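Spelled out from the first residue to the last, the chains are:
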Amino acid sequence: MKTIAFLLICIMSWFKPSAPFEILQAEHQVSVGGRRESGITSAHVFKIVAKQSSEKLQFNDLWIDSAYYKISPYKQNADLSFSQTWEKGDTIFIRTSKRTFPDEGKTIKDFNGENKPLPMPYEGAALIGYKYKGKQRYHIVNQITQLPKEYHP
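Notes on the structure in this doc start here. Small disclaimer: the values here were computed from a predicted structure and weren't measured.

1. Points about the nonpolar core
Counting residues in each nonpolar core, the largest one holds 22 residues, and the members touching the most others are Phe46, Phe59 and Leu62. Looking at this core, the elements that each hand over two or more residues are β1 (21–32), β2 (40–50), β3 (57–64), β7 (91–102) and β9 (126–132). When near neighbours in sequence (up to four residues on either side) are disregarded, Phe46 contacts Gln25, Ala26, Leu62, Ile64, Ile92, Phe93, Ile94, Ala126, Val141 and Ile144.

2. Quick word on the pattern of salt bridges
As enumerated under the stated definition, the model contains two salt bridges in all. For the salt bridge of Lys116 with Asp61, the shortest nitrogen-to-oxygen distance reads 3.2 Å. Of this pair, Lys116 sits in the loop between β8 (108–110) and β9 while Asp61 sits in strand β3, and the two are 55 residues apart along the sequence. With relative accessibility at 30%, the residue Lys116 sits in the partly exposed group. For Asp90, the salt bridge goes to Lys75, with nearest N and O atoms at 3.1 Å. Residue Asp90 is found in the loop between β6 (82–83) and β7, and its partner Lys75 is found in strand β5 (residues 75–76); the two are separated by 15 residues along the sequence.

3. Overview of the side chain of Ser42
Inspection of the secondary structure puts Ser42 in strand β2. At a separation of 2.6 Å, a polar atom in the side chain of Ser42 contacts the side chain of His28. In this structure, Ser42 is in contact with His28, Gln29, Val30, Thr96, Ser97 and Lys98, ignoring residues within four places of it in sequence.

4. Brief notes about the environment of Val32
Relative to the elements of secondary structure, Val32 occurs in strand β1. For the pair Val32 and Tyr151, spaced 119 residues apart in sequence, the C-alpha to C-alpha distance is 5.0 Å. Aside from chain neighbours lying at most four places away, what touches Val32 is Gly39, Ile40, Lys149, Glu150, Tyr151 and His152.

5. Topic: the side chain of Lys75
Classification of Lys75 as buried rests on a relative accessible area of 16%. Here Asp90 takes part through its side chain, which lies 3.1 Å from a polar atom of the side chain of Lys75. Apart from the residues lying within four places of it in its own chain, the contact partners of Lys75 are Ser81, Phe82, Ser83, Thr85, Trp86, Asp90, Thr91 and Ile92.

6. Focus: the sheet that holds strand β4 (residues 67–70)
With respect to topology, four strands assemble into an open sheet ordered β4-β3-β9-β10, the strand pairing being antiparallel. In this open sheet, the two strands that pair with only one neighbour each are β4 and β10 (135–141). Ignoring which end each strand starts from, the neighbouring axes of this sheet average 25° apart. Bridge analysis of β3 against β9 gives seven bridges, and the strand direction is antiparallel. By the bridge assignment, Phe59 is partnered in β9 with Tyr130.

7. Some details on the packing of aromatic side chains
A complete count under the given rule lists eight aromatic pairs for this structure. Between the aromatic rings of Phe59 and Trp86, the centroid separation amounts to 6.0 Å while the plane-to-plane angle is 40°, which identifies the pairing as tilted. Residue Phe59 is located in strand β3, and its partner Trp86 is located in the loop between β6 and β7; the two are separated by 27 residues in the primary sequence. As far as the burial class goes, Phe59 and Trp86 line up, both buried. Among the aromatic side chains, those forming a connected cluster through ring pairs are Phe21, Phe59, Trp86 and Tyr130.

What counts as what
Residues numbered from 1 in each chain as written. Predicted model: local features only at pLDDT ≥ 70, side-chain atom pairs only at ≥ 80, totals over all residues. Heavy atoms only, no water. Core = buried A, V, L, I, M, F, W, Y, C linked by side-chain atoms within 4.5 Å. Buried < 20%, exposed > 50% of the residue type's maximum accessible area, 1.4 Å probe, protein only. Helix = DSSP H or I, 4+ residues; strand = E, 2+ residues; numbered from the N terminus. Contact = heavy atoms within 4.5 Å. Salt bridge = Lys/Arg side-chain N within 4 Å of Asp/Glu carboxyl O. Polar contact = N/O pair within 3.5 Å; in protein donor to acceptor, adjacent residues only side chain to side chain. Pairing = 2+ DSSP bridges. Axes fitted to C-alpha atoms, helices over the stretch in contact; angles between N-to-C directions. Phe/Tyr/Trp six-rings, centres within 6.5 Å; stacked < 30°, edge-to-face > 60°.

Put into C-alpha cells, the structure is as follows:
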C-alpha cells in the first residue's frame, strides 16, 4: 500500500503543470529627487525567460502587496530596439513605476492608473497575472531584491 501511494505521488509530481516562464530577477529600487517637487519614484523590474512564445503567453497584471500595476512586457532585440512579441527562450522584462509627490496640501498623488482588486489571496512579494493558451493564471513571486535607495540632486 505504501509503495502504491509513493508511486502515485511521484507520478502526480512529475505531471505537475509548471509556469510557462522562469523569473531570473525581481528587483525594487526607490529614487528620491533633490527637490521636494520632484517626488519619490518606486520602480520594479522583473527579468523573465519565456518558455512559450507571445502567441501563447501574455502578461496582463501585476500586484505588489495589494497595489495594482499596469504592465507592458517587452524584449530587447539584437538591434537594441524593443518589441512586445517574443519567442520561446527569449528574455523579457516587466517594468513598473509608481511616482508620488506632494502637492500644496501635502497629500500624496498616485498616477498609476486604474485599480484592480487582488484576484486571490497570496503569500509572497508579488502576484503576476498572465494568460497561457487563453486561460487566465497567476504566478506568485516569492522574493524581490531591494536595491539601495538613489538620491538625485
